[in-house]
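Architecture and fold: a report
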Amino acid sequence: MLLKPVIRRKSAGSHCPNLQHTEVKAADTMESTRRRTQHSTNGKGSEAVEKSAQWGRAWEVDWFSLIGVVSLLCFAPFIVFYFVMACDQYKCSISQPLLELYQGKATLPSIWARAPSFTWTAAKIYAVWVSFQVFLYICIPDVAHKFIPGYVGGVQDGARTPAGLINKYEINGLQCWIITHALWLANAKYLHWVSPTIIFDNWIPLMWCANILGYAVSTFAFLKAYLFPTNAEDCKFTGNIFYNYMMGIEFNPRIGKWFDFKLFFNGRPGIVAWTLINLSYMAKQQELYGQVTNSMILVNVLQGIYVLDFLWNEAWYLKTIDICHDHFGWYLGWGDCVWLPYLYTLQGLYLVYHPVQLSDTHALAVLLLGLIGYYIFRSTNHQKDLFRRTEGACSIWGRRPTHIECSYLSADGRSHRSKLLTSGFWGVARHFNYTGDLMGSLAYCAACGFSHILPYFYIVYMTILLVHRCVRDEHRCSSKYGKDWKRYTDAVRYRLIPGVF
Ligand code: NDP
């Protein structure tokens, strides 16, 4: 779900399930076609298969990419620090610190020295939080799917990895979220073990702890890939140490049978924390001003819907680009520990310092934008899922869906067929799910009024993230489907906004 550097593709090789278009040059991939016995990491047994490991070097790290990677490694932690510090010391003004630096009223060391530092209290809170999430992730088998109609949980298959494995995942995110939040509410109402504002009160010290975990887990994943990879055939070395560290080497690093780094870090410390952080901001507003503003409620509700959607659809999430194509490195490890909880929650933080009470019209407009965005996001994702699951034998917008028949070749030379949907939202634009996501993101920002630009960082970031993601996904699809992809892009002309882009 996170920031990626701009990278240039060397080959047109598909990076997904043994798929490779004929136009891909053999030299671009470390193809080592061989008969091997494939051992599943989930202990499901083994099967002999003839496959080509074509997961190898599909990316070339040029100087431009390298500068992007090194800059992100060096500056991303400071970007996070800057935003949070600006709220803490400058009431969320992002220009004021720069102005003071320019006028000589402050220096970098003086700003740094004024920011709260690491504390052992924060370290204990963070350790309890992460340990609790690890405990829930590993030890609580999903029972929610037995009781909640329509919810898919329990043990689910992931997408086929480039080396041909299908990992098993225990989907219990919704249940972990419910247990965590039930405990939180019980504490706030009856138990009073800790203050409901505990997260806000320790926000910057907690950031140091999150950074320690983010760097530790990324470094561990990096070393693990060399020393004891979970599945050596799914590792990808680019030859550049910074790139390897940032973008990851291992595809699905695991400890034991079930502790999957990607699913845990993507889904738990960040996503589950997201709504708790917002609740802590809400509690702080109540404590400081004796009331909670409608803008804070809107941010909590809209972002809460997004988080719950993610957890409700965790099984679907296994088939998205994050899990299906990305390797686990710093951008996921550090990004999920630091970037996501700190920058995705900027709106709530801002509203603690600026308790905006919106007019009814403004609040209604934000709510509508958020809900329409969410509806588009969810329906678009659902339409593709339904279409692919039923192989087109379904109804979309009351009609049998139209599609483009496609073919592609797998690395073993076999031809396969697939379908690209051209009905419903997939006929409006090629990534209308991103458009809905962006509308929702804009709604969170607009809930904060128009006095400061800090809360709008999120929509700027999401636009860069999703446009870049769209371009890289289309590059991959074009390599995979060749002229069939061209037929699809001729039929559905625009990527995100019909008539514009
Ligand atoms: P998509 O769910 O859009 O999946 C793209 C894939 O779908 C393509 O690679 C292709 O795969 C297939 N596909 C493309 N066009 C069609 C079509 N017309 N019919 C059928 N299949 C098609 O992408 P993501 O995984 O990136 O996104 C999932 C959701 O997650 C999105 O809604 C996005 O907004 C959200 N997201 C949120 C983020 C955040 O930080 N908040 C970050 C990233 C994503 P194939 O090879 O199978 O053909």
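Parameters and conventions
- Each residue is numbered by its place in its chain's sequence as written, counting from 1.
- With pLDDT at 70 or above as the cut-off, local features in this predicted model cover only qualifying residues; side-chain atom pairs require 80 or more to be listed or tallied, and sums for whole chains, interfaces and linings still use all residues.
- Note: side-chain values were computed over all heavy atoms of the structure, leaving out hydrogens and water.
- Each helix is a run of DSSP H or I of at least 4 residues and each strand a run of E of at least 2, with the numbering of both proceeding from the N terminus.
- We call a residue buried when its accessible area falls under 20% of the maximum for its residue type, exposed when it is over 50%, and partly exposed in between, using a 1.4 Å probe and counting protein chains only.
- Note on contacts: a residue pair is in contact if any heavy atoms of the two residues lie within 4.5 Å.
- The Shrake-Rupley method, run with a 1.4 Å probe sphere, supplies the accessible areas, and residue values consider only the shown protein chains as cover.
- Here, nonpolar core refers to any group of buried Ala, Val, Leu, Ile, Met, Phe, Trp, Tyr and Cys residues whose side-chain atoms link them within 4.5 Å.
- Disulfides are defined as pairs of cysteine sulfur atoms found within 2.5 Å of each other.
- By convention in these notes, a residue is near a molecule or strand provided one of its non-hydrogen atoms lies within 4 Å of it.
- In protein, a polar contact requires one atom able to donate a hydrogen and another able to accept it; more generally it is a pair of N or O atoms within 3.5 Å, and residues adjacent in sequence count only if both atoms are side-chain atoms.
- When residues are sorted by character, Ala, Val, Leu, Ile, Met, Phe, Trp, Tyr, Cys and Pro go into the nonpolar class, Asp, Glu, Lys and Arg into the charged class, and all the rest, Gly among them, into the polar class.
- In this scheme, patches are assembled from residues that exceed 30% relative accessible area and form no salt bridge. Like charges are connected within 9 Å, while nonpolar side chains (Val, Leu, Ile, Met, Phe, Trp, Tyr) are connected within 5 Å.
- Salt bridges are defined by distance alone: a side-chain nitrogen of Lys or Arg within 4 Å of a carboxyl oxygen of Asp or Glu.
- To estimate how far a helix should extend, the number of its residues minus one is multiplied by 1.5 Å.
- Throughout, bend refers to the angle between the axes fitted to the seven residues that end at a position and the seven residues that start at it.
- UniProt positions are given in the numbering used here, feature names are shortened, and annotations may be inferred rather than shown by experiment.
- When the centres of two rings from Phe, Tyr and Trp lie within 6.5 Å, Trp using its six-membered ring, the rings pair. Their planes under 30 degrees apart give stacked, over 60 give edge-to-face, and anything left gives tilted.
- For a ring to carry a charge above it, either NZ of a lysine or CZ of an arginine must fall within 6 Å of the ring centroid while also lying within 35 degrees of the normal to the ring plane.

Moving on, we get to the overall build of the protein. From N to C terminus, the protein includes 20 helices and 8 strands. A total of 501 residues make up the protein; the buried ones form 58% of that total. Sequence-distant contacts, at least 24 apart, represent 75% of the contacts inside the protein between residues at least 6 apart. As presented, the protein carries roughly 21,500 Å² of accessible surface, and 65% of it is formed by carbon and sulfur atoms.

This part covers the nonpolar core. By size, the foremost hydrophobic cluster in this structure holds 115 residues, and its most contacted members are Val80, Trp203 and Trp339. The next biggest cluster of nonpolar side chains, apart from the first, holds 15 residues, and it includes Cys394, Ile404, Trp426 and Tyr488.

On to the side chain of Asn300. Relative to the assigned elements, Asn300 resides in helix 11 (residues 294-312). The exposure class assigned to Asn300 is buried, which follows from its relative accessible area of 11%. Ignoring sequence-local partners within four residues, the contact set of Asn300 consists of Asn278, Leu279 and Met282.

Applying the stated rule across the entire model yields 1 disulfide. Cys87 shares a disulfide with Cys92; S-S distance 2.4 Å. Handedness of the Cys87-Cys92 disulfide follows from its S-S torsion of about 110 degrees: it is right-handed. We note that Cys87, like Cys92, is buried. Take Cys477: it sits in no disulfide, and the sulfur closest to it among the cysteines is that of Cys406, at 9.2 Å. Judged by its relative accessible area of 8%, Cys477 is buried.

Moving on to the site of the ligand. Near the ligand, the surroundings consist of 27 residues, among which Tyr434, Arg469, Asp473, Lys480 and Tyr481 are the closest. A distance of 2.5 Å is found between an oxygen atom of the ligand and a side-chain nitrogen or oxygen belonging to Tyr481. Taking 940 Å² as the accessible area of the ligand by itself, protein coverage stands at 94%. Ranked by residues supplied to the shell around the ligand, first place goes to helix 19 (residues 457-481) with 8 residues. Class assignment for the residues of the shell around the ligand results in 15 nonpolar, 4 polar and 8 charged.

Our next topic: a nonpolar patch on the surface. A cluster of nonpolar side chains, namely Phe220, Leu223, Tyr226, Leu227, Phe228, Phe237 and Ile255, defines an oily patch on the protein surface of about 690 Å² accessible area. Among the elements that line the nonpolar patch, the one with the most residues is helix 8 (residues 203-227), at 4 residues. Within the secondary structure, Leu223 is located in helix 8.

We now examine helix 14 (residues 330-343). In an α-helix, one turn spans 3.6 residues, which is why side chains three or four residues apart end up on the same side. In this model helix 14 runs just 16 Å from its N-terminal to its C-terminal C-alpha over 14 residues, more than 12% under the 20 Å that 1.5 Å per residue would give. Along helix 14, the sharpest change in direction is near 55 degrees and occurs at Asp336. Of all 14 residues that make up helix 14, 14 are buried, and the element is covered over most of its length.

This next bit is on the UniProt feature "transmembrane region" (unreviewed entry) in the protein. Mapped onto this structure's residue numbering, the UniProt feature "transmembrane region" (unreviewed entry) falls at residues 63-84, 328-346, 358-377 and 441-467. The span residues 328-346 is 79% helix and 0% strand, and its two end C-alpha atoms sit 25 Å from each other.

To continue, consider the environment of Tyr151. Within the secondary structure, Tyr151 sits in the loop between helix 5 (144-147) and strand 3 (154-160). Tyr151 gets classed as buried once you look at its relative accessible area, which sits at 5%. Separated by 160 residues in sequence, Tyr151 and Leu311 have C-alpha atoms that sit 9.8 Å apart. Leave out the neighbours within four places in its chain, and Tyr151 touches Asp142, Ala144, His145, Ile171, Asn172, Gly173, Leu174, Leu311 and Trp312.

Once that is clear, we can look at the packing of aromatic side chains. The geometry of two aromatic rings is summed up by the distance between their centres and the angle between their planes. Under the defined criterion, the tally for this structure stands at 45 aromatic pairs. With 5.4 Å between their ring centres and 55 degrees between their planes, Trp339 and Tyr461 make a pair best called tilted. In this pair, Trp339 is assigned in helix 14 and Tyr461 in helix 19, connecting sequence segments 122 residues apart. Residue class for Trp339 comes out buried when judged on its relative accessible area of 3%. Judged by its relative accessible area of 3%, Tyr461 falls in the buried class. Over the ring of Tyr169 we find Arg254, and its NZ or CZ is 4.8 Å from the ring centre. The ring of Phe251 carries the charged tip of Lys262 above its face, separated from the ring centre by 4.1 Å.

Right, let's get into the pattern of salt bridges. Inspection of the entire model under this criterion finds 17 salt bridges. Close ionic contact of Glu314 with Arg268 constitutes a salt bridge, the shortest N to O distance being 2.5 Å. With Glu314 in helix 12 (residues 314-317) and Arg268 in helix 10 (residues 261-289), this pair connects stretches of sequence that are 46 residues apart. The pair Glu314 / Arg268 is uniform in exposure class, with both members buried. Between Glu405 and Arg417 there is a salt bridge, with the nearest N and O atoms lying 3.6 Å from each other. Here the residue Glu405 occupies a position in strand 7 (residues 403-409), and Arg417 occupies one in strand 8 (residues 415-421), the gap between them amounting to 12 residues.

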